[in-house]
Amino acid sequence: MTAPGSTTAETVVLDPTGERHPSQRQLLERPSSLEGATIGLLDISKARGDVFLDRLEEHLVARGLRVERFRKPTFTKPAPIDLRHEISTKCDVVIEALAD
Amino acid sequence: MSDGLVAVVKRDCPTCTLVAPVLADLAARLEGTGRSLTVFTQDDPDFPAGVAPVDDTDLDVSYRLDIETVPTLLQVQAGAESGRIVGWARDEWQDFTGCDDLGEDLPEYRPGCGSLTLDPGRADELAVRFHGSRLRSRRVTLAALEDEMEALFDRGWTDGLPVVPPTPVRVLRMLEGTTRAPDEVVAVVPPDLAECTVEKVAINAVLAGCRPEYLPVVLAAVEAACTDEFNMHGLLATTYFSGPVVMVNGPITRAIGMNSGINALGQGNRANATIGRALQLTIRNVGGGVPGGVDRAALGNPGKYTFCFAEDESGSPWEPLSVERGFGPEASTVTLFAGEGPRGVVDQLSREPDSLARSLAAGLRSIAHPKLALVFDAVLVISPEHARVFREAGWDKARLRQEFDDLLALDGSEIVRGAGGIAEGMPDFLAGTTVPKFRDGGLLIVHAGGGAGLFSSVIGGWMSGSGGSQPITWEVQP
């Protein structure tokens, strides 16, 4: 799973609000159950993070859950906005692997 | 910029191609004289040959020099421009350069071409590059995979209908509609009491679909809405139906093509539709006035999307609303009224003014409740066919108002609580007195509508007086 690297198609708009709140949307509540959820596994591109996520995927799939894999281009920078958007549209829950 | 001659050209221009040898000749003649020629090229870095052109394909220099035509030849002295000529005119070039025999073999005159800085696609991009820093609002990046219309809904910036994405290009274009500085604070918008700049109003005007020339009207409407007298906060917070109704008077209504005729209170005219909407979006987005939040209306009304129209002044038998409210006939104004939806008063039979006045008064009496008085203001929108009856009878507005005063002086005993078997009504102590339906100044009369139809309209107000909302008229500044 790759995120489009290009930033040229992004649209910049000006905030029409009084700017009293952060423009980022707030975190959702943690779900009480994973039943029926699509789970995103996000590899941040740090060494051996994939090993951890492969194992998690085995466990989750064994429980009958749907899993989608994603990978950040580099762990040194925030995930590109298109990747974040893709994850948000495909998944209910995300597990991000930190590793070294 | 160093002193000497400066030329700006592009290969795509036949006149530039024609003068290319002249520029090369000029460069050669100036060599060793201490004078210089610098040629900037807009499209092809190798054009023209023989003059070591400077690449200006990013149009940085062309934009700063405000080049409109190519070729342009400038004289720079002491770091500042001292003169310029455009296109090719042999005599002019010879005079300007001091070279008497320059371009002798060329035709006498050829007009230039448009500078690339004016290209439709490039001009907007250049405006953002050079003036984008004027914009102070937070920039929000939408993902390439995000549908931009959906993205604006997701962020809560719309009234339920799609909005136009407020890109920096569009906002800069909108700001061209006013002479006011983008960072000027025009209002403190309730309920959050957020300071609102011209720029924030412009952004919301883009969202609403306004053209730049509407912006001064939107600004005036926002200023008027946010006054203490109009009380936008209370108007939002009330459980009553009402929202801001914008009535526009004066020359600007014709300049921007507002509708005061057929379907004046309805859909279909961009200025009417988007000005009212821009006001409401500003209150929503800048002020934070959101239904279910501070907006507690039990039912609301469809006019809360937008409710804005112009008075038909030229067809009216009477002075315009703005003049009645103290402004000159040449002033452009907005009058804001805290109104519910309009409804009709039918009278297809009255040909005499007394009879028609009674019909209209009956319609006005029913505002809010036939047994409630003094609390609710109203607007009467008289249509041309009804106005004609008064015109032909020689009734001026004052005469009609006088008639309404008499017709709407209610018998207190009939409107107190419980009277007529209806619990709703006025306090008991008013029994035996006469109670006017409207407070002094609580009835506004405007003229609008299509030429056919013996119908007028009444727009009921919200709680009037100092605790509620007072109609307010505000002059539109350019």
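Here the structure is a predicted model, which is why all the values come from computation and not from measurement.

Looking now at the overall build of chain B. In terms of helices and strands, chain B carries 16 helices and 21 strands. Here the C-alpha radius of gyration of chain B, 31 Å, is well above what a compact globule of 478 residues would show, namely 23 Å. Relative to its 478 residues, chain B shows a buried fraction of 45%. Restricting the contact set of chain B to residue pairs at least 6 apart, pairs at least 24 apart contribute 74%.

Turning our eyes to something else, we now look at the sheet that holds strand β1 (residues 4-9) of chain B. Residues and elements named next belong to chain B. One open sheet accounts for five strands, arranged β3-β2-β1-β5-β6; its pairing is mixed. In the strand order of this sheet, the two ends are held by β3 (54-55) and β6 (80-86), each with one partner. Across two bridges, the pairing between strand β2 (residues 37-41) and β3 is parallel. Across the sheet, the residue bridging to F40 is V54, located in β3. Each of β1 and β2 is contacted by helix α1 (residues 14-30), which is oriented at about 150° to β2, the strand it contacts most.

Right, let's talk about the interface of chain B and chain A for a bit. A common measure of how large an interface is: the accessible area buried when the components associate. Chain B puts 28 residues into the contact, and the matching count from chain A is 18 residues. Of all the secondary-structure elements, those providing two or more residues to the side of chain B that touches chain A are β10 (139-142), α6 (168-175) and α7 (198-208) of chain B. In terms of residue class, the side of chain B that touches chain A is built from 15 nonpolar, seven polar and six charged. Looking at chain direction, strand β1 (residues 11-14) of chain A and β10 of chain B are connected through four bridges and run antiparallel. Its bridge partner being in β10 of chain B, L14 of chain A is matched across the sheet by R139 of chain B.

Our focus in this paragraph is α7 of chain B. Burial within α7 of chain B is extensive, with eleven of its eleven residues counted as buried. Along α7 of chain B, the positions that sit buried rather than exposed are V198, E199, K200, V201, A202, I203, N204, A205, V206, L207 and A208 of chain B. Elements in contact with the buried residues of α7 of chain B: β1 of chain A together with α6, β11 (185-189), β12 (194-197), α8 (215-225) and α11 (270-285) of chain B. Remark: G209 of chain B follows α7 of chain B within two positions and exhibits a positive phi of approximately 100°.

Residues and elements named next belong to chain A. Pairing is parallel in the open sheet, where three strands are placed in the order β3-β2-β4. Each of the sheet's edge strands pairs with one partner strand only, and the pair in question is β3 (66-71) and β4 (93-97). Geometrically, the sheet is characterised by an average inter-axis angle of 25° between neighbouring strands, direction not taken into account. As paired strands, strand β2 (residues 38-43) and β3 are joined by six bridges and run parallel to one another. Residue D43 lies in a different strand from β3, and its bridge partner there is R71. Strands in contact with helix α1 (residues 49-62) are β2, β3 and β4; relative to β2, the strand with the most contacts, it is inclined by about 170°. Contacts between helix α2 (residues 81-90) and the sheet are confined to β2, β3 and β4, with β2 contributing the most and set at about 155° to the helix.

Moving on: the domain arrangement of chain B. Looking at the assigned domains, one finds that chain B contains domain 1 (4-118) and domain 2 (227-475). The distance between the C-alpha centroids of domain 1 of chain B and domain 2 of chain B comes to 64 Å.

Another point: the confidence of the model for chain A. Mean pLDDT over chain A stands at 83; residues scoring 70 or higher make up 85%. This stretch, residues 1-7 of chain A, has a pLDDT under 50; its non-local contacts, to residues over four places away or in other chains, come to twelve contacts.

Here the focus is the nonpolar core. All names here are of chain B. Formed by 95 residues in total, the largest nonpolar core has its most connected members in A205, V218, A221, V222, V246 and I275. The element best represented in this core is α8, accounting for nine residues. Those residues within four positions of A221 in sequence are excluded, and the remaining contacts are V246, I275, L279, V334 and L336. If you look at the next biggest cluster of nonpolar residues, it comprises 23 residues, including C13, L23, I67 and W88.

Residues and elements named next belong to chain B. With four bridges joining them, β11 and β12 adopt antiparallel strand pairing. Bridge pairing links A187 to C196 in β12. Between β11 and β12, which pair antiparallel and follow one another directly, the connecting turn spans four residues, one of which, L193, has a positive phi of 55°.

Bringing α1 of chain A into the picture now. The end-to-end C-alpha distance of α1 of chain A is 20 Å, a good match for the 20 Å that 14 residues give at a rise of 1.5 Å each. Just downstream of α1 of chain A lies G64 of chain A, where phi reads positive at about 80°.

Helix-helix packing: each pair is described by the crossing angle between the helix axes and the interaxial distance. All names here are of chain B. It is the contact of helix α13 (residues 353-365) with helix α15 (residues 397-407), at a shortest axis distance of 10 Å, that shows an interaxial angle of 60°. With respect to their mutual orientation, α13 and α15 come out oblique. When the axes of α13 and α15 are compared, the crossing they make is right-handed. Between α13 and α15, the contacting residues are A357, R358 and A361 on the first element and L400, E403, F404 and L407 on the second.

Here is what the cut-offs are and how they apply
Residues numbered from 1 in each chain as written. Chains lettered and ligands numbered in written order. Predicted model: local features only at pLDDT ≥ 70, side-chain atom pairs only at ≥ 80, totals over all residues. Helix = DSSP H or I, 4+ residues; strand = E, 2+ residues; numbered from the N terminus. Rg over C-alpha atoms; globule rule 2.2 N^0.38 Å. Buried ≥ 20, exposed ≤ 12 C-beta atoms within 10 Å, placed from the backbone. Contact = placed C-beta atoms within 7 Å. Pairing = 2+ DSSP bridges. Axes fitted to C-alpha atoms, helices over the stretch in contact; angles between N-to-C directions. Nonpolar A, V, L, I, M, F, W, Y, C, P; charged D, E, K, R; others polar. Domains from an automatic or database assignment. pLDDT = per-residue confidence, 0-100. Core = buried A, V, L, I, M, F, W, Y, C linked by C-beta atoms within 7 Å. Expected span 1.5 Å × (residues − 1). Parallel < 35°, antiparallel > 145°, perpendicular 65-115°, else oblique. Left-handed = near helix turned anticlockwise from the far one by under 90°.

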